[in-house]
Structure formats: C-alpha cells, structure tokens
Amino acid sequence: MHFTPPRFAAFAPPRGQDHAAVVIAGGGLVGLTAALDLARHGVRVVVLDDDDTVSTGSRAICFAKRTLEIYGRLGLGSRFLEKGVTWNQGRVFHGEREAYSFDLLPEEGHEYPAFVNLQQYYAEAWLVEACMATGRVELRWRNAVAGIENRADGARLSVTTPAGPYTLHADWLIAADGARSFIRRALGLAFEGQVFRDRFLIADVVMQAAFPTERWFWFDPPFHPGQSVLLHRQPDDVWRIDFQLGWDADPALEQQPERVRARVAQMLGSRGDDVPFELEWISIYTFRCRRMQRFRHGRTIFVGDAAHQVSPFGARGGNGGVQDADNLCWKLAAVLAGQAPDALLDSYDAERIPAADENILNSTRSTDFITPKSDAARAYRDAVLELAAAHAFARPVVNSGRLSRPYEGAGRPAPDAPLLRNGRPDWLLRHTGDGFTVVSNGVVPATGLPAITLGQDFEDHSGLAAARLGLGHGDAVLLRPDQHIAARIAAADAAGIAAAHRASLHAVA
Ligand SMILES: Cc1cc2nc3c(=O)[nH]c(=O)nc-3n(C[C@H](O)[C@H](O)[C@H](O)COP(=O)(O)OP(=O)(O)OC[C@H]3O[C@@H](n4cnc5c(N)ncnc54)[C@H](O)[C@@H]3O)c2cc1C
C-alpha cells in the first residue's frame with residue numbers, strides 16, 4: 001500500500017455517566033466532515049467510532065466539484081487539488097469503438113474542477129488532522145454505540161470500549177454510522193429500496209499506464225465480452241478498474257489474485273499496453289439504492305450512508321453525504337446558539353430527502369442501463385450505443401453513470417466565479433461560508449453581515465460573478481453559511497436583506 005493507515009489509541013471510558021451537547025456516531029467520511037464543520041462553527045463535538053483507523057480498501061475515489069467547494073470552505077480544498085487527480089473528461093466505448101466523449105466542465109472560471117480522484121482514506125486522514133487542530137473535536141476511537149434510547153431531551157447511548165462500557169447522554173446525536181447503521185436498526189427505522197442482482201469486481205492496480213486522466217467506460221469490450229468495465233486514475237499511480245461480473249459469478253473464485261491478474265492483463269493487452277502491474281486491493285461488491293423515510297427523528301439526525309445508499313455509478317454516495325453535513329451543521333450550530341428555532345432542523349429533511357431521491361433516481365437509472373436485466377432492455381441499450389457513435393441526439397440517453405451534481409431544488413449552492421481583490425486573482429466562494437454573506441452588485445447595504453460588493457472591494461473583471469448570480473446593478477443575494485442562495489433581493493436595501501436573513505433562520509419559505 002502507498003498509504004499507511006494511522007492507528008489511533010482507543011479512548012478509555014470516562015467514569016460513570018457522561019454528557020455531551022453534540023455526539024456524532026461514526027467517524028467515517030461524513031461523520032468527520034460534520035465534526036469539522038460544527039467545530040468551525042464553534043460547536044464542541046464528541047465523535048464515537050468503533051474502529052481505530054480511517055477507511056480501508058477501495059471505497060470513494062471521485063470527489064465532485066460541490067464537495068470540493070465544501071472542503072474548500074472547511075480549509076482542505078488545496079489538499080484535494082494538490083494530491084488528487086483532476087479530471088473533467090470521460091470516454092464511453094462500445095465494443096471496439098469509442099461511442100463518444102464528454103466534458104463535465106467545459107466552462108472556465110471555477111476554482112475546482114468537475115472531479116478530483118482521491119482515495120477516501122486520504123480524505124479521512126486529513127479530516128482527522130483538521131478536526132484535532134480545531135481543539136473542539138474529541139475523537140473517541142474504538143468506542144462503539146451498542147445501545148440507544150431516543151428521548152425528547154436527546155439520545156442516551158450505551159458505548160462499548162476495549163476497557164469496558166459506559167453511558168453517554170447526547171443532547172443531539174448525528175447518526176453517521178454507515179450503511180449498516182446500528183442506530184437506524186436499533187431504533188427500528190425502515191431502510192427501503194432496491195437491491196441490484198449483479199456483482200462487480202474492484203481491482204486497484206498499481207502501474208505506470210499510458211491512459212489519459214479521464215473516466216473510461218466500456219460497454220461489452222472485447223477483453224470482457226458481454227459485461228462493462230470502468231477505469232479511473234487515482235493518485236500514487238493507482239488505477240481503479242471495476243469489472244461487471246453478473247449475478248451468477250462466484251465471489252470467492254473471482255477474488256483469486258491470479259484470476260484478477262488475468263483479467264487486468266487481458267484489458268491492458270487488448271490496448272497493446274503490456275506494462276507491469278501490482279494488485280493493491282481486490283473486492284467484490286453488490287449494491288442497493290434505498291433511503292430512510294425521514295432523516296430527522298427528534299434530536300437524532302441521520303446523515304450519509306446511514307440515511308441513504310446508492311450504487312457507486314455516478315459517485316453519489318460520499319458526495320451526497322458530505323452535502324448532508326454541509327446542509328445540517330450550520331443549522332444545528334444556529335439552533336445551539338439560540339439564533340434559530342428547533343424547526344430550522346426540519347428544513348434538513350425538506351432539503352436533503354429530495355436530494356437523496358435525485359441521487360437514488362440517477363443511480364438506479366445508471367445501474368439499469370449498465371446492467372440490463374432483460375433481452376429487450378439490452379437490445380434498447382445496444383441500439384442507443386450504436387446510434388451514439390454517429391448521432392449526438394442519442395448521447396444523452398447513454399447512461400454510464402450520471403455523475404454527482406448538487407441538488408438544485410430547494411435552494412441551490414451559489415456558483416463560484418473569479419474575482420480580483422486588490423488586483424489579485426481570487427474566488428467568490430473563498431469569501432463566503434463562515435456565516436451568512438451578502439453579495440451585492442455596486443451597492444453596499446449596511447446590514448452588519450459580512451459582504452462582498454462587486455465593483456467596490458471585489459472587481460468582477462470577467463463579469464462572471466454578476467452573470468452567474470443574476471445580479472443587475474443594485475441587486476444582492478444572501479448566501480447561507482453552506483453557500484446556498486437564501487434569497488435574491490432586487491434593488492437591495494438593508495431592511496430587505498435583514499428580512500431575508502430572519503426568514504432563512506426561521507426556515508420561512
Ligand atoms: C466500491 C465503492 C466505490 C465508491 N465510490 C464512490 C465515489 O467515487 N464517490 C463517492 O462519493 N462515493 C463513493 N462510494 C460511497 C462512499 O464510500 C460512501 O458513501 C461513504 O463512505 C459514506 O460515508 P459515511 O461516513 O456515511 O459512512 P462510512 O464511510 O461507512 O462510515 C461509517 C463509520 O461509522 C463507524 N461505525 C459503524 N458502526 C458504528 C457503531 N455502532 N459505533 C460507532 N461507530 C460505528 C464505522 O467504523 C465508520 O467509520 C463508493 C463506495 C464503494 C463501496
């Protein structure tokens with residue numbers, strides 16, 4: 001492995017009962033993101049994780065633009081850009097031919113690309129470091145939630161540790177304990193959806209290959225007939241190859257290294273690329289698309305895979321979960337600070353359930369297209385792929401994974417744009433996100449809120465900021481702490497902005 005997983009010391013149980021205002025159960029990608037976000041809003045957090053390290057093996061690699069912007073807000077954006085592999089382009093092959101290629105971000109003027117590929121364990125290791133640096137996050141490794149009572153005043157947790165059990169009362173509990181969530185099951189909450197009858201082999205392969213930094217997807221390639229294959233580049237010369245195997249494949253047999261080596265060699269050989277390679281990780285996965293009916297259950301709130309699960313096609317699992325944290329944390333911080341009523345937290349459900357549904361819909365459609373389950377579905381798919389090679393109209397129908405995009409229903413994240421500040425290149429989103437921010441064009445309404453005034457302290461030299469935010473001279477937008485557009489105020493005045501600010505905190509539509 002190019003990455004040595006850190007081993008964290010187990011947290012010894014406190015004597016007697018313990019209390020914390022906010023507990024996050026699960027220190028995975030989403031739980032750690034939520035911990036960092038809350039800490040940056042000034043909230044002290046206890047994180048319970050049953051393990052003593054970060055994620056192992058092949059999990060998320062594709063971090064989408066919106067997620068990168070969130071990590072930019074949390075102070076980690078440059079690490080993703082420096083270590084990660086940036087890509088915007090993808091190619092889709094059918095048989096021996098290229099069906100078409102696409103560019104996910106053909107437009108200039110964004111700080112972050114469409115995607116950065118990075119192993120999930122790097123992201124989690126940086127999140128742990130960043131959480132510790134805040135001084136507000138207590139990471140309790142090898143502390144497993146083994147019992148829960150959900151009460152009106154919070155959650156009473158039974159926690160087990162190598163040195164014995166203890167009881168912890170959380171005024172607020174964020175359940176981030178993954179797809180098999182103990183908390184969800186212990187509370188008897190349903191997790192309904194679809195199971196797909198197919199198996200995929202994941203091989204993480206170390207090699208100096210000549211493939212460009214693009215997402216390549218093959219339908220029915222000559223080196224793996226009748227199935228599909230996906231190729232992604234990761235940092236450290238690691239390549240992720242997903243081979244569709246079909247439902248009848250024998251997982252034990254298919255994970256034998258010699259068998260995987262033969263598959264990889266065949267793929268490389270078919271391109272005349274006989275480079276040496278090593279296998280870093282092999283696993284087989286099946287997948288599901290499902291979600292809870294509600295994510296908020298009083299003072300226990302579910303995020304990430306604990307709340308919803310999708311197939312990996314489209315890279316929507318981790319990205320969706322990070323966007324849950326983005327949506328929830330400022331609201332919880334505002335409620336804890338007495339700036340907003342408890343009802344603001346209901347807007348988490350109102351905004352993130354439709355987002356989860358959109359991810360599930362896209363992921364389900366991709367999976368249906370990639371793994372057709374009837375002769376008619378396969379014939380339709382193959383006809384679309386044939387047409388796509390010659391005709392642009394058929395290309396939008398090809399579905400090799402509609403890649404993660406932010407949900408744009410109830411509110412949408414503000415688009416980024418280049419600006420000049422004191423003559424130096426800068427970015428709009430870098431100056432938003434610590435709290436509510438007013439972005440206005442030409443006028444400076446005295447609201448007491450942090451403000452970006454185009455044409456005054458910031459020069460919108462390309463005109464992109466005003467164009468993307470739809471700001472005529474004198475107009476303003478109010479951005480929430482999660483960089484979502486809370487309100488547009490034409491001919492902005494301080495009273496209009498103050499009213500929009502109050503309405504956002506009180507979740508008044
Ligand atoms: C093959 C594959 C490829 C993927 N590719 C992508 C991709 O490219 N992009 C993307 O966005 N997503 C991708 N995903 C999905 C992504 O990995 C998940 O959505 C993401 O890990 C969810 O994060 P989470 O924090 O919600 O859950 P997890 O990462 O599962 O974290 C849950 C944490 O809770 C802890 N825990 C569990 N039970 C307890 C307990 N009782 N008490 C205390 N702690 C507990 C666990 O140890 C773990 O640390 C992929 C997934 C797979 C399997």
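Computed from a predicted structure; not experimentally measured. (Residues numbered from 1 in each chain as written. Predicted model: local features only at pLDDT ≥ 70, side-chain atom pairs only at ≥ 80, totals over all residues.)

(A) Inspection of the sheet that holds strand β22 (residues 437-441) at higher detail. Pairing is mixed across the open sheet formed by four strands, whose spatial order is β23-β22-β24-β25. Each of the sheet's edge strands pairs with one partner strand only, and the pair in question is β23 (451-454) and β25 (485-489). On average, adjacent strands in this sheet sit at an angle of 15 degrees to one another, irrespective of strand direction. Pairing geometry for strand β24 (residues 476-479) and β25, over four bridges, is antiparallel. Directly across from Ala476, in β25, lies its bridge partner Ile489. Lying on the sheet, helix α12 (residues 494-505) is in contact with β22, β24 and β25; it crosses β25 at an angle near 155 degrees. (Pairing = 2+ DSSP bridges. Helix = DSSP H or I, 4+ residues; strand = E, 2+ residues; numbered from the N terminus. Axes fitted to C-alpha atoms, helices over the stretch in contact; angles between N-to-C directions. Contact = placed C-beta atoms within 7 Å.)

(B) Up close: the site of the ligand. Near the ligand, the surroundings consist of 35 residues, among which Gly28, Gly178, Gly304, Gly317 and Gly318 are the closest. Those elements that provide at least two residues to the shell around the ligand are α1 (29-40), β2 (45-49), β9 (144-151) and α8 (317-336). It is α8 that contributes the most residues to the shell around the ligand, four residues altogether. A per-class count over the shell around the ligand returns 16 nonpolar, 13 polar and six charged. (Near = placed C-beta within 6 Å. Nonpolar A, V, L, I, M, F, W, Y, C, P; charged D, E, K, R; others polar.)

(C) Structural detail: helix α10 (residues 375-390). Spanning 16 residues, α10 covers 24 Å between terminal C-alpha atoms, matching the ideal 22 Å at 1.5 Å per step. Considered for burial, the residues of α10 that qualify are Arg381, Leu385 and Ala388. Taken around the axis of α10, the buried residues stretch over an arc of 60 degrees, which confines them to a single face. For α10, exposure combined with an orientation more than 90 degrees from the buried face picks out Asp375, Ala376, Ala379, Ala383 and Ala390. (Expected span 1.5 Å × (residues − 1). Buried ≥ 20, exposed ≤ 12 C-beta atoms within 10 Å, placed from the backbone. Arc of directions from axis to C-beta.)

(D) Representation of the environment of Leu245 in the model. Relative to the elements of secondary structure, Leu245 occurs in the loop between β15 (238-244) and α6 (251-254). It is 9.5 Å that separates the C-alpha atoms of Leu245 and Val229, two residues lying 16 residues apart in sequence. Non-local contacts of Leu245, meaning those with residues more than four positions away in its chain, are made with Arg199, Phe200, Leu201, Gln227 and Glu254.

(E) The domain arrangement of the protein chain, seen in detail. Split by domain assignment, the protein chain resolves into domain 1 (18-85 + 112-191 + 289-363), domain 2 (193-288) and domain 3 (418-505). With centres defined by C-alpha atoms, the gap from domain 2 to domain 3 works out at 46 Å. (Domains from an automatic or database assignment.)

(F) Here's a closer look at the pairing of strand β12 (residues 192-207). Where β12 lies against strand β16 (residues 277-291), 13 bridges are found, and the strand directions are antiparallel. Pairing of Phe200 across the sheet is with Tyr285, part of β16. In this structure, β12 lies alongside β15, joined through seven bridges in antiparallel fashion. Bridging across to β15, Phe200 finds its partner in Gln244.

(G) Just the packing of α1 against α8, in detail. Contact pair α1 / α8: the axes reach a minimum separation of 9 Å and the direction vectors enclose 30 degrees. Relative to α8, the element α1 is oriented roughly parallel. Crossing handedness for the pair α1 and α8: right-handed. Packed against α1, whose contacting residues are Leu29, Val30, Thr33, Ala34, Asp37 and Leu38, the element α8 presents Gly318, Gly321, Val322, Asp324, Ala325, Asp326, Leu328, Cys329, Leu332 and Ala333 at the interface. The class makeup of the residues in the contact of α1 with α8 is 10 nonpolar, three polar and three charged. (Parallel < 35°, antiparallel > 145°, perpendicular 65-115°, else oblique. Left-handed = near helix turned anticlockwise from the far one by under 90°.)

(H) Local environment of the environment of Trp218. Here Trp218 shows up in strand β13 (residues 215-219). A C-alpha to C-alpha distance of 9.8 Å links Trp218 and Ile370, two positions 152 residues apart in sequence. The contacts of Trp218, once residues within four sequence positions are left out, are Phe93, Ser228 and Val229.

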